[in-house]
Amino acid sequence: MTDSHKNSPLDGAKPRVRFAPSPTGYLHVGGARTALFNWLYARHFGGTLILRIEDTDLERSTEEMVEGILQGMRWLGLDWDDGPYFQTKRMDIYRAAGVKLLASGHGYYCFCTKEQLEDRRAKATAEGRPPKYDGACRKISREEAERRKNAGEAAAVRFAVPESGVTFFDDAVFGRIEFANSELEDFVLLRSDGGPTYHLSVVADDVDMKITHIIRGADHISNTPKQVLLYQALGAALPVFAHVPLILGPDKTRLSKRHGATSVISYRDLGIVPEAFRNFLALLGWTPPQTAAGTNEATPEILSDTQLIQLFGLDGISRSNAVFDNDKLAWFNTEYIRAYSAEKLLPLIEEEWTKAGMRVDTRDGNWLLSTIDLLKPRARNLKDFATSFRAFFTDDYPSDPAAIEKFLKDGNIRKMLGELADLYAALPEFTEAETERVLRELATAKGIKAGALINGARVALTGQGVAPSLFAVMMALGKERTVKRLQKLN
Ligand code: GLU
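Here the structure is a predicted model, which means the values were calculated and not measured.

Rules and cut-offs
Residues numbered from 1 in each chain as written. Predicted model: local features only at pLDDT ≥ 70, side-chain atom pairs only at ≥ 80, totals over all residues. Heavy atoms only, no water. Helix = DSSP H or I, 4+ residues; strand = E, 2+ residues; numbered from the N terminus. Rg over C-alpha atoms; globule rule 2.2 N^0.38 Å. Buried < 20%, exposed > 50% of the residue type's maximum accessible area, 1.4 Å probe, protein only. Contact = heavy atoms within 4.5 Å. Areas by Shrake-Rupley, 256 points an atom, 1.4 Å probe, with all protein chains shown as cover. Lys, Arg positive; Asp, Glu negative; His and termini not counted. Charge placed at Lys NZ, Arg CZ, Asp CG, Glu CD. Salt bridge = Lys/Arg side-chain N within 4 Å of Asp/Glu carboxyl O. Near = heavy atom within 4 Å. Polar contact = N/O pair within 3.5 Å; in protein donor to acceptor, adjacent residues only side chain to side chain. Nonpolar A, V, L, I, M, F, W, Y, C, P; charged D, E, K, R; others polar. Pairing = 2+ DSSP bridges. Right-handed = clockwise from strand over helix to strand, strands pointing away.

Draft legend 1. A look at the overall build of the protein chain. When its secondary structure is counted, the protein chain shows 19 helices and 12 strands. Taking 490 residues into account, the globule formula puts the C-alpha radius of gyration at 23 Å, and the protein chain, at 32 Å, lies well above it. The C-alpha extent of the protein chain, read off along each of the three principal axes, is 110 × 55 × 40 Å. Counting over 490 residues, the protein chain shows a buried share of 49%. In the protein chain, of all internal contacts separated by at least 6 residues, the share reaching a separation of at least 24 is 76%. Only carbon and sulfur atoms are counted for the fraction: they give 51% of the accessible area of the protein chain, which is about 23,700 Å². One way to put it: in the protein chain the 63 positive side-chain charges average out to a point 2 Å from where the 65 negative ones average out.

Draft legend 2. Local environment of the pattern of salt bridges. This model, assessed by the stated rule, comprises 37 salt bridges. The salt bridge partner of Asp 206 is Arg 18, with a shortest N-O separation of 2.9 Å. On the criterion of sequence distance, the pair formed by Asp 206 in helix H7 (residues 198-208) and Arg 18 in strand E1 (residues 16-19) is long-range, its members being 188 residues apart. Across the pair, exposure class does not vary: Asp 206 and Arg 18 are buried alike. We note a salt bridge from Asp 395 to Arg 481, for which the minimum N-O separation is 3.1 Å. Linking Asp 395 in the loop between helix H14 (365-375) and helix H15 (401-407) with Arg 481 in helix H19 (residues 470-487), this pair joins segments that are 86 residues apart in sequence. Linked by salt bridges that have partners in common, Arg 18, Arg 52, Glu 54, Arg 90, Asp 205, Asp 206 and Asp 208 make up one network.

Draft legend 3. Representation of the site of the ligand in the model. Neighbouring the ligand are Arg 18, Ala 20, Pro 21, Ser 22, Glu 54, Tyr 198, Val 202, Arg 216 and His 220. At 2.7 Å from an oxygen atom of the ligand is found a side-chain nitrogen or oxygen belonging to Arg 18. Here a nitrogen atom of the ligand sits 2.6 Å away from a polar atom, N or O, in the side chain of Glu 54. Burial of the ligand by the protein chains amounts to 79% of its free accessible area of 300 Å². Looking at the shell around the ligand, its residues break down into four nonpolar, two polar and three charged.

Draft legend 4. Just the pairing of strand E3 (residues 82-86), in detail. Relative to E3, strand E2 (residues 48-53) runs parallel, the two sharing three bridges. Across the sheet, Arg 52 pairs through a bridge with Tyr 85, a residue of E3. With respect to chirality, the unit in which E2 leads through helix H3 (residues 63-75) into the neighbouring parallel E3 is right-handed.

Next up, the structure:
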């Protein structure tokens, strides 16, 4: 049995969760997974997802990255209920929290200069001691500190970490995590320019926004004891912390640019269906209950957003790191493309056509949809509809030179395909059965294998050596295009 608090909101209230990206880069895979887990959690319980942009690092945050993050979330279909809030617009809240901590004696002014701190850190390292702040200014009396501050001396505000004891929290994923206070340093809350540090702004916001559950990457575990101390000092109730394991590349090192695409939006550019990516991402570090409630049927891997929302819980989050498997993502993508109706695929495919600068005559809707249906079992990604399947949608398509070399080099075959074109032009009924019959009869009359004509015609009609069944291809292209493309060979 799990503790009820781990998987349900405190006091039966609806959970309030947040996704709090720093706009110092695009929405990467790890961030998107954090956003997704928060979204699933909020939706499962009918709670609130708040989007908060942590842009206090002015040098590294850009508006372009904010836009990139929003775009990535929209692409994945992750909507938020409140925000986006920008931390740069909420500075008063952090300063007020800093002042409160100073007043209660949990914070103190630190007058150490950057140079002094660097010297002491270097000395500690050289002497084999941990390079943490030595507490020099903690010894200054409050009156003295006030006097120096009022006299205009530059001062940061630091948190006075208890000198002994432990700080712990019960993580919903990792269980109880304890840190000895002696290992934590008196961290900075407000810099000498008045700007808040991450620890202060994140806790002040989470308290102000009444966040009940903090679901975020396991790389934040080491930050958590400091934040727990801040909650306690501010007299606020602790939220539930749920740290999710990291995502590793196939070589088991932390996922990074070395492993290829890491920004979520680059997967759109690779022709991945957003729902497929979301399904894949949900299973990175989370395992749904293995049987659906009340049945013995194993939970499938393909899960719709409704199913994901219904099944999601913090209990299923794994403690071990997840591995990003590109083959698995490709599998999800093909499964989604196959399962989608042509109507659902069409707008996604149209985006690919636009990107590829392709003009497709979309007036004949039935033809368009049946052609997509014909092709989708062979699609590896959405881009295929603008690349390998191009010939199905436009007359302006390239031909694979290797396929021409293999199947259309023989002048006799080309001539016979020209004859086939004439026979087709005269056909009263241009059906799959009729086109096949005529081709086979021509092959017999010429004393060659039907396969030679079929392979040649496939290249002539699609530019490719591989395609769906030739006669289905002819139906997709229609009589006029089929005849024209075969005539063009001579
Ligand atoms: N802004 C932090 C980050 O992008 C997240 C802070 C948090 O979730 O507590 O890593």
